[in-house]
Amino acid sequence: MTAERVTCEPTRPIFPSPTGLITSVDAAGRPNIITLGEVFNLSIRDPVIVGIAIAPARYSHELISAGGEFVVNLPPAEMLERVLQCGQVSGREVDKFAQFGLTPLPATHVAPPLIAECPINIECRVRDVQTIGDHDLFQGEVLAHHVSPELLDAEGRIIPERLSAVVFAHWSFFAMGPLLKRWR
Ligand SMILES: Cc1cc2nc3c(=O)[nH]c(=O)nc-3n(C[C@H](O)[C@H](O)[C@H](O)COP(=O)(O)O)c2cc1C
């Protein structure tokens, strides 16, 4: 590529990112779902902590702040339309599980449910919240990590390409690309 550079407006300058469907519950146990492009690993092993960045106006922000728990569900590419739908309406107006034909499954450690259609579900307890500019960063300690057996090899290792994750980049969506190399 050329060494020439054009200076661009830095909105979501780092890409791509995975797309997650994050579940939470209200005080009566009614579940909600929010689509997030800002989903990260913050501490990898000891302890395992994930981060999600949510704007204060979102209903999910209110629910996760009050309940202190959430589940990160990783959707496969075939769920793209529902990923978009969950990111375009608020749980203040709509029951997204019912409206978009998604199935709640009980979690083992937290009140918010897993989404059955998502083959990876990560149960989290909020350990810290920080305001970072226009979003708040919720740090979630991972209490349980559920994976569909279809994504595992005979030794129980995750074969990541079997998820065909929804990858988000500058308002476009991609399926995960071809495997370049298995490092370990
Ligand atoms: C692909 C995509 C990525 C999004 N990423 C974020 C995000 O990282 N943080 C955020 O606060 N909202 C994000 N949104 C917007 C919320 O999903 C949207 O405002 C949603 O309707 C909020 O739902 P709630 O009010 O039920 O919580 C994203 C939406 C889409 C479609």
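Coordinates for the structure precede this section.
What counts as what
Residues numbered from 1 in each chain as written. Predicted model: local features only at pLDDT ≥ 70, side-chain atom pairs only at ≥ 80, totals over all residues. Heavy atoms only, no water. Salt bridge = Lys/Arg side-chain N within 4 Å of Asp/Glu carboxyl O. Helix = DSSP H or I, 4+ residues; strand = E, 2+ residues; numbered from the N terminus. Buried < 20%, exposed > 50% of the residue type's maximum accessible area, 1.4 Å probe, protein only. Phe/Tyr/Trp six-rings, centres within 6.5 Å; stacked < 30°, edge-to-face > 60°. Pairing = 2+ DSSP bridges. Core = buried A, V, L, I, M, F, W, Y, C linked by side-chain atoms within 4.5 Å. Contact = heavy atoms within 4.5 Å.

Undergrad: Would you mind going over the pattern of salt bridges with me for this structure?
TA: Side-chain pairing between opposite charges can occur once the charged atoms of the two side chains come close. The final tally for this structure, using the stated rule, is seven salt bridges. Two residues, Arg12 and Glu38, come together in a salt bridge whose shortest N-O distance is 2.4 Å. In this pair, Arg12 sits in the segment before strand 1 (17-18) while Glu38 sits in the loop between strand 3 (31-36) and strand 4 (39-43), placing the two residues 26 residues apart along the sequence. The class for Arg12 is partly exposed, based on a relative accessible area of 34%. With a shortest N-O distance of 2.9 Å, Asp26 and Arg30 are connected by a salt bridge. In this structure Asp26 comes out as buried when scored by relative accessible area, which is 13%. Where salt bridges share partners, they join Asp153, Glu155 and Arg157 into one cluster.

Undergrad: Please explain the packing of aromatic side chains as it appears in this structure.
TA: Each aromatic ring pair is described using two quantities: the centre-to-centre distance and the angle formed by the ring planes. Scanning the model with the defined rule gives two aromatic pairs in all. Plain terms: the ring middles of Phe168 and Trp171 are 5.6 Å apart, the flat faces sit at 80° to each other, and that makes the pair edge-to-face. Judged by relative accessible area, which is 63%, Trp171 ranks as exposed. Among the aromatic residues, those joined into a cluster by ring pairs are Phe168, Trp171 and Phe173.

Undergrad: Help me understand the pairing of strand 12 (residues 172-175), please; the structure alone is not making it clear to me.
TA: Two faces belong to every sheet, and in a regular strand the side chains alternate between them. Both strand 11 (residues 166-169) and strand 12 contribute to a ladder of four bridges, which runs antiparallel. Residue pairing for strand 12: Phe168 is matched across the bridge by Phe173. Remark: two residues form the turn of the hairpin made by strand 11 and strand 12, two consecutive strands paired antiparallel; His170 in that turn has positive phi of roughly 50°.

Undergrad: How do you make sense of the sheet that holds strand 11 when you look at a structure like this?
TA: The strand order across the open sheet built from three strands is 1-11-12, with neighbouring strands paired in antiparallel fashion. On the outer flanks of this sheet lie strand 1 and strand 12, each paired with one strand and no other. Bridging between strand 1 and strand 11 involves two bridges; their strand directions are antiparallel. Paired with Pro18 across the strands is Val167, a residue of strand 11.

Undergrad: Help me out: how do you make sense of the nonpolar core in this one?
TA: Soluble globular proteins tend to pack their nonpolar side chains together in the buried interior. Core analysis: the largest hydrophobic core is formed by 19 residues, its most contacted members being Ile22, Ile52, Ile64, Phe70 and Val72. If you list the elements that add at least two residues to this core, you get strand 3, strand 5 (49-54), strand 6 (69-74) and strand 9 (120-132). Top element by residues in this core is strand 9. It accounts for four residues. In this structure Ile22 touches Asn32, Ile33, Ile34, Leu36, Val39, Ile52, Ile64, Phe70, Val71 and Val72, once residues within four positions along its chain are discounted. Core analysis: the second largest hydrophobic core is formed by ten residues, Leu21, Val83, Phe97 and Ile115 among them.

Undergrad: Could you clarify how one ought to interpret unusual backbone geometry in this entry?
TA: The phi angle of most residues is negative, glycine excepted, and most peptide bonds adopt the trans form. With an omega dihedral of 0°, the bond running from Phe15 to Pro16 counts as a cis peptide bond. Relative to the assigned elements, Pro16 resides in the segment before strand 1. In this model, Asp46 is joined to Pro47 through a cis peptide bond whose omega is 5°. Its place among the elements puts Pro47 in the loop between strand 4 and strand 5. The backbone of Ser164 sits at a positive phi, close to 50°, despite the residue not being glycine. Here Ser164 shows up in the loop between strand 10 (135-147) and strand 11.

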